[in-house]
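Here is what each chain is made of, one letter per residue.
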Amino acid sequence: MSMTQGRSPFIETAELTKRFGAITAVDNMSFKVDQGEFFGFLGPNGAGKTTTINLLTGLARPDSGTIRIAGFECTNDTKAAQHLIGVVPDESNLYPELSGFDNLCFCAALYGMPKKVRRTRARELLEVFGLSEAADRKFAGYSKGMKRKLTIAAGIIHDPPVLFLDEPTTGIDVAGARSIRQLIKDLHRAGTTIFLTTHYIEEAERLCDRIAFIVRGRIVGADTVENLLRPAQGRHVMLATVSRSDQLLREKLAAAFPDCALQDLSGGRFRIESAEPIRIGMLVRFFEEHDVELLEARHIHPSLEDVFVRITGIEADLMKKEKEKTGGGT
Amino acid sequence: MKRWIAFWNILLKDMRAYYLKPPNVSWGLIFPLAWTGMFFIKSGRGIESVLSLLPGVIAISILFGTTSMLSVTVTFEKKGRSFDRLLLAPIPVWLLMLAKTAGAILFGMANAFVPVILALFLGDLSRVDWALALPAVLMIAVVSTFLGLFVAVSVSEVFEAQTFSNFFRFPMIFLCGLFFPVDALPLFLRPLSYLLPLTYGVDILHGAIYGRNMMSLGVDFLAIAIFCVALFYFSLRNLYKKWII
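In this report, we go over the structure that sits alongside the text. (Residues numbered from 1 in each chain as written. Chains lettered and ligands numbered in written order. Predicted model: local features only at pLDDT ≥ 70, side-chain atom pairs only at ≥ 80, totals over all residues. Heavy atoms only, no water.)

**Some thoughts on the overall build of chain A**
Phase 1 of the analysis: Counting its regular elements, chain A contains 11 helices and 14 strands.
Phase 2 of the analysis: Overall size of chain A, expressed as C-alpha extent along the three principal axes, is 75 × 40 × 40 Å.
Phase 3 of the analysis: Looking at chain A as a whole, 53% of its 330 residues are labelled buried.
Phase 4 of the analysis: Put simply, 70% of the contacts in chain A that link residues at least 6 apart link residues at least 24 apart. (Helix = DSSP H or I, 4+ residues; strand = E, 2+ residues; numbered from the N terminus. Buried < 20%, exposed > 50% of the residue type's maximum accessible area, 1.4 Å probe, protein only. Contact = heavy atoms within 4.5 Å.)

**Remarks on the overall build of chain B**
Phase 1 of the analysis: Across its full length, chain B carries 10 helices and zero strands.
Phase 2 of the analysis: Ordered by position from the N terminus, the helices and strands of chain B form the series α-α-α-α-α-α-α-α-α-α.
Phase 3 of the analysis: The C-alpha atoms of chain B give 18 Å as radius of gyration, which agrees with the globular expectation for 245 residues (18 Å, within 12%).
Phase 4 of the analysis: Evaluated residue by residue, chain B yields a buried proportion of 56% over its 245 residues.
Phase 5 of the analysis: Put simply, chain B has 19 plus and 11 minus side-chain charges, and the middle of one group is 10 Å from the middle of the other. (Rg over C-alpha atoms; globule rule 2.2 N^0.38 Å. Lys, Arg positive; Asp, Glu negative; His and termini not counted. Charge placed at Lys NZ, Arg CZ, Asp CG, Glu CD.)

**Regarding a nonpolar patch on the surface**
Phase 1 of the analysis: The grouping of Leu20, Val25, Leu29 and Ile30 of chain B at the surface amounts to a nonpolar patch, some 370 Å² of accessible area in total.
Phase 2 of the analysis: You can see Ile30 of chain B is positioned in helix H2 (residues 22–43). (Patch = residues over 30% accessible without salt bridge, like charges linked within 9 Å, V, L, I, M, F, W, Y side chains within 5 Å. Areas by Shrake-Rupley, 256 points an atom, 1.4 Å probe, with all protein chains shown as cover. Salt bridge = Lys/Arg side-chain N within 4 Å of Asp/Glu carboxyl O.)

**Section: the packing of aromatic side chains**
Phase 1 of the analysis: Taken as a whole and assessed by the stated rule, the structure comprises 23 aromatic pairs over all chains.
Phase 2 of the analysis: Seen in terms of ring centroids, Phe64 of chain B and Phe170 of chain B are 5.5 Å apart; in terms of plane orientation they differ by 75°. Their pairing is edge-to-face. On the criterion of sequence distance, the pair formed by Phe64 of chain B in helix H3 (residues 50–79) and Phe170 of chain B in helix H7 (residues 158–175) is long-range, its members being 106 residues apart.
Phase 3 of the analysis: Overall, the relative accessible area of 5% leaves Phe64 of chain B in the buried class.
Phase 4 of the analysis: With a centroid separation of 5.4 Å and 50° between ring planes, the pair formed by Phe164 of chain B and Phe168 of chain B is classed as tilted. Within this pair, Phe164 of chain B and its partner Phe168 of chain B are both found in helix H7, separated by four residues, close to a single helical turn.
Phase 5 of the analysis: For Phe168 of chain B, a relative accessible area of 22% gives the class partly exposed.
Phase 6 of the analysis: Among the aromatic residues, those joined into a ring-pair cluster are Phe31, Phe39, Phe41, Phe164 and Phe195 of chain A. (Phe/Tyr/Trp six-rings, centres within 6.5 Å; stacked < 30°, edge-to-face > 60°.)

**Some remarks on the interface of chain A and chain B**
Phase 1 of the analysis: Counting residues at the interface gives 31 residues for chain A, matched by 28 residues for chain B.
Phase 2 of the analysis: For the pair chain A and chain B, the number of links is three salt bridges.
Phase 3 of the analysis: Among the salt bridges present, the one from Arg81 of chain B reaches Glu91 of chain A, with a minimum N-O distance of 3.3 Å.
Phase 4 of the analysis: On inspection of chain A and its partner chain B, the count reaches 13 residue pairs in polar contact (both at pLDDT 80 or more).
Phase 5 of the analysis: Among the secondary structure elements, those contributing two or more residues to the side of chain A that touches chain B are strand S1 (9–20), helix H2 (100–110) and helix H4 (144–155) of chain A.
Phase 6 of the analysis: If you tally residues by element for the side of chain A that touches chain B, the top one is H2 of chain A, at five residues.
Phase 7 of the analysis: Its residues assigned to classes, the side of chain A that touches chain B shows 16 nonpolar, seven polar and eight charged. (Polar contact = N/O pair within 3.5 Å; in protein donor to acceptor, adjacent residues only side chain to side chain. Nonpolar A, V, L, I, M, F, W, Y, C, P; charged D, E, K, R; others polar.)

**Digging into the packing of helix H5 (residues 93–122) of chain B against helix H10 (residues 217–242) of chain B**
Working note: a packed helix pair is described by the angle between its axes plus the distance between those axes.
Residues and elements named next belong to chain B.
Phase 1 of the analysis: At a minimum axis separation of 11 Å, H5 and H10 run at an interaxial angle of 115°. As the angle between them shows, H5 and H10 are arranged roughly perpendicular. Note that H5 runs across H10; the crossing there is right-handed. On H10, the residues touching Val93, Trp94, Met97 and Leu98 of H5 are Phe232, Leu236, Leu239 and Tyr240.
Phase 2 of the analysis: A breakdown of the residues in the contact of H5 with H10 according to their chemical character gives eight nonpolar, no polar and no charged. (Axes fitted to C-alpha atoms, helices over the stretch in contact; angles between N-to-C directions. Parallel < 35°, antiparallel > 145°, perpendicular 65-115°, else oblique. Left-handed = near helix turned anticlockwise from the far one by under 90°.)

**Here's the deal with the sheet that holds strand S6 (residues 85–88) of chain A**
By way of backbone hydrogen bonds, the strands of a sheet pair with one another, either parallel or antiparallel.
All names here are of chain A.
Phase 1 of the analysis: Spatially, the six strands line up as an open sheet ordered S6-S7-S8-S3-S9-S10, and their pairing is mixed. Edge positions in the open sheet fall to S6 and strand S10 (218–224), since each of these has one partner strand only. Direction aside, neighbouring strands of the sheet carry axes that sit 15° apart on average.
Phase 2 of the analysis: Alignment of strand S3 (residues 38–42) against strand S8 (residues 193–198), held across five bridges, turns out to be parallel. The residue of S8 that forms the bridge with Phe39 is Phe195. (Pairing = 2+ DSSP bridges.)

**Looking at the side chain of Lys18 of chain A**
Phase 1 of the analysis: With respect to the element layout, Lys18 of chain A can be found in strand S1.
Phase 2 of the analysis: For the buried Lys18 of chain A, no salt bridge is present, and the opposite-charge side chain at shortest range is Asp63 of chain A, 4.3 Å distant.
Phase 3 of the analysis: A distance of 2.7 Å separates a polar atom in the side chain of Lys18 of chain A from the backbone oxygen of Arg61 of chain A.
Phase 4 of the analysis: Other than its neighbours up to four places away in sequence, Lys18 of chain A contacts Ile23, Thr24, Ala25, Val26, Thr51, Leu55, Arg61, Pro62 and Asp63 of chain A together with Ile245 of chain B.

**Structural notes on the environment of Pro258 of chain A**
Phase 1 of the analysis: When you line up the elements, Pro258 of chain A lands in the loop between helix H8 (247–256) and strand S12 (261–265).
Phase 2 of the analysis: Taking the C-alpha atoms as reference points, Pro258 of chain A and Ile201 of chain A, separated by 57 residues in sequence, lie 30 Å from one another.

**Quick notes on the pattern of salt bridges**
Phase 1 of the analysis: A full pass over the atoms with the stated rule returns 22 salt bridges over all chains.
Phase 2 of the analysis: Taking the shortest distance from any N to any O, the salt bridge between Arg218 of chain A and Asp27 of chain A comes out at 3.0 Å. With Arg218 of chain A in strand S10 and Asp27 of chain A in strand S2 (residues 23–34), the pair connects residues that are 191 residues apart, well separated along the chain.
Phase 3 of the analysis: Taking relative accessible area as the criterion, Asp27 of chain A reaches 23% and is therefore assigned partly exposed.
Phase 4 of the analysis: For Arg250 of chain A, the salt bridge is made with Asp264 of chain A, and the minimal N-O distance between the two is 2.5 Å. With Arg250 of chain A in helix H8 and Asp264 of chain A in strand S12, the pair connects residues that are 14 residues apart, well separated along the chain.
Phase 5 of the analysis: The class for Arg250 of chain A is partly exposed, based on a relative accessible area of 24%.
Phase 6 of the analysis: Each of Asp90 and Glu91 of chain A together with Lys78, Arg81 and Asp84 of chain B takes part in salt bridges that share partners, so that together they form one network.

**Quick notes on empty space enclosed by the protein**
Phase 1 of the analysis: This model, assessed by the stated rule, comprises one cavity of 30 Å³ or more.
Phase 2 of the analysis: When its volume is computed, the largest cavity comes out at roughly 160 Å³.
Phase 3 of the analysis: Along the walls of the largest cavity sit 18 residues, with Val87, Pro89 and Asn93 of chain A together with Arg85 and Leu88 of chain B positioned nearest its centre.
Phase 4 of the analysis: Breaking the lining of the largest cavity down by element, the ones donating at least two residues are helix H1 (49–57), H2 and H4 of chain A together with helix H4 (82–87) of chain B.
Phase 5 of the analysis: It is H1 of chain A that provides the largest number of residues to the lining of the largest cavity, a total of three residues.
Phase 6 of the analysis: For the lining of the largest cavity, the class distribution of residues is nine nonpolar, four polar and five charged. (1 Å grid on protein atoms, 1.4 Å probe; cavity = no way out; pocket = protein on both sides within 12 Å on 5 of 7 lines; lining within 4 Å. Points joined across faces, edges and corners; volume = space filled by probe spheres on them.)

Geometric descriptors of this kind do not, in isolation, establish any biological role.
What follows is the structure in structure tokens.
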């Protein structure tokens, strides 16, 4: 799937493919990210989000396809563009034995920044990220949220025009995640092109200009949030929870409501979508006739989550729980 | 210039984070002393015989000091993913690996001088050719470090690095002329000696300390230089093949 807009592409991939043995982690992926854009990769665990970031940043090599970043040909060697790239990996991988300040100064030195400049920049970022008081504390002693913030600060120490953020808020408490999102928003507002991977739909919806849904290494849908939501507008969606469900019940339900799109979610939940209003009385009667208790039925407004579920067939809650359980990326 | 800022800071960071830590400093001091003591007691000779152990103890101190550190500074950082941060920096991988190994080379050289300082108090070192001994120490430190690097990038766990290192290190103690002359080895083992880089470094040290070496110094330096280039080249190749997959 190719996505283009009017502006000049800063990141551009064509038919990018990466296999690990029999598994195709990234499958023929083509996309463009414009300069100054906030682009999101949304998908479940194992979808290939982290592998894509690794390919784009030079930590992995593609089996086929091409990568261009800021006009540099980066397919086999990203070195030429690495000074333009900031990377925040899914794990906070700074040096535990160094202080926050020393970690930032070291990261700045990797980009060749002179001593005076890197010290000033490190202090400035510690201030912006609210970590000034912890500047002299060892990174190992930081809380998870503080570690994430310092890792983001390390990613932008050299003021890169493009920042890759891999699951920046996973495993962070609500307040910490909120503050990190605000910092990311500010970076974008200041002109940084952002490539974000996340499994939080609401995070992608709130932050991104454009979102790509990625499943099993393939982009299955991509557009602006507005455009993604458009087909869902005017549709009626009901979420029903019943005491039991089986194949036979599903077949009978589909036969009883032929004009509805039926999706069997886990835990005895059905998602029923229709162009016409869904009459709840008919639904109650159907389940009574089949000796099934209707525990809950509610109309829901189509959201990006619905669009995601419809396009990918993956339940959003399940994706979130699975990700939080494993805490990693692929 | 920017590249050298990165190089210097990687070296400084490793020094602060690893090499100058008390356990490593004590390892660097105690290990050479222990080897000297062990071989001295084993020799059953007088205190003047300590000098005869010097080339072997210098070489072994460098070998164990450097190879042990590489598994920490490289394999451990790769495992913890902080090594990715270095790979993402806009510096060539060869320079990055030189920066990562420079600390181990200096550490190995510092280790070498522990038995030398000890020997200063126990024997007469006035006939030692330092102009030859110092390059020999440097070359042994470089080749041992690159051997450690080769091992470190060939494995994924620190314990694997230590095990794999021992596969090379322990045979070298016996096959490279450290304490037993290569000429005294059974004939079928001698070709193995010449396949190990330490043989050439120790031969230069024998030349510098006693004025007696088996091969010409030119052959020794050339052989050890070839080993350095080959080990560094294959380490980089392994890194590209296994770590940037």
